Amino acid sequence: MTDFSWNAVYYSDLQTLYALLVVPVAFLAWRLASPTQQARAEVPAAARFVALLTLVFAVETMIDPISTGPIKRSAAIEGTIFATLIPFFFVLLGDLRVLLLAAGVARPEKSLGENLQWAGGRMLIVPIVTGILYGGISFLSPDLHGLVMWMIYEFGFLMLCIYLSRVWVPQNLTGEVNANAASYLRAMFGYSAAYYALWFSADVLIVALDLDLGWAIRIVPNQLYYAFWAPFAYWRFFSRQTHT
């Protein structure tokens, strides 16, 4: 009898593909049947932006596991440079959505291009720092575990979320007028910090202690990152009570 392994479960199509599509499909169906109530928006000026962004990224989070799974493993892609570029592209896109959402809610008066430029500049901080640190560490210790690079990245984006929530939000969203936007963005940065903290903790268990349990823990942030991000961002934004 084959021994049970969370590592095998983690890399199965059930976890890496099918389980990640259920919630986005349900969310998109719900969005089609239930029109957005702009009166419930935390920041009315950003209502259309958030409604569209969460719709776009609900679709993107379905394309992501399909692209990094069956498409990446296809005969046309496997073994080529695209097999490396595809996952890297979607990692950056997954972080860009957090920062673009923050920019659009905090600065609804700005154009999409200006907010995209702001988000893109900050998105590059973590991968650049990760590349420098990982390059230096791997030079000194060539036999590094493959997850070490991701651990550096995970810890870096976790710290960025904490900084933006604790420093950037209070500095840029002050007063009663911006109270709803500040509360919403702290919730979103906290949500993103949660899945990066879980990924990092799981990888510590895998790398430092060689615990198979780490792969089981990794399943949870995968769901938070892929399946539940768009629904959480949408429902948290359109949660204000209306009065008749």
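What this report covers is the structure whose coordinates are included nearby. What you see is a predicted model, and the numbers here were worked out from it, not measured in a lab.

Conventions we followed
- Residues numbered from 1 in each chain as written.
- Predicted model: local features only at pLDDT ≥ 70, side-chain atom pairs only at ≥ 80, totals over all residues.
- Heavy atoms only, no water.
- Core = buried A, V, L, I, M, F, W, Y, C linked by side-chain atoms within 4.5 Å.
- Buried < 20%, exposed > 50% of the residue type's maximum accessible area, 1.4 Å probe, protein only.
- Helix = DSSP H or I, 4+ residues; strand = E, 2+ residues; numbered from the N terminus.
- Contact = heavy atoms within 4.5 Å.
- Salt bridge = Lys/Arg side-chain N within 4 Å of Asp/Glu carboxyl O.

Describing the nonpolar core
Next up, step 1: Counting 63 residues, the largest nonpolar core has Leu185, Trp229 and Phe237 as its most contacted members.
Next up, step 2: Elements represented by at least two residues in this core include exactly α2 (13-33), α3 (47-73), α4 (82-106), α5 (112-123), α7 (148-172), α8 (179-209), α9 (213-227) and α10 (229-237).
Next up, step 3: Ranked by residues supplied to this core, first place goes to α4 with 15 residues.
Next up, step 4: Among all residues touching Phe237, those that are not within four sequence positions of it are Arg40, Ala41, Glu42, Val43, Ala46, Ala47, Val50, Val105 and Tyr184.
Next up, step 5: Counting residues in each nonpolar core, the second largest holds five residues, with Tyr10, Leu147, Ile206 and Trp215 among its members.

Concerning the pattern of salt bridges
Next up, step 1: Enumeration according to the criterion identifies four salt bridges in this entry.
Next up, step 2: For the salt bridge of Glu154 with Arg218, the shortest nitrogen-to-oxygen distance reads 3.1 Å. With Glu154 in helix α7 and Arg218 in helix α9, the pair connects residues that are 64 residues apart, well separated along the chain. Taken as a pair, Glu154 and Arg218 share a single burial class, namely buried.
Next up, step 3: Taken together, the salt bridges that share partners define one network made up of Glu154, Asp203 and Arg218.

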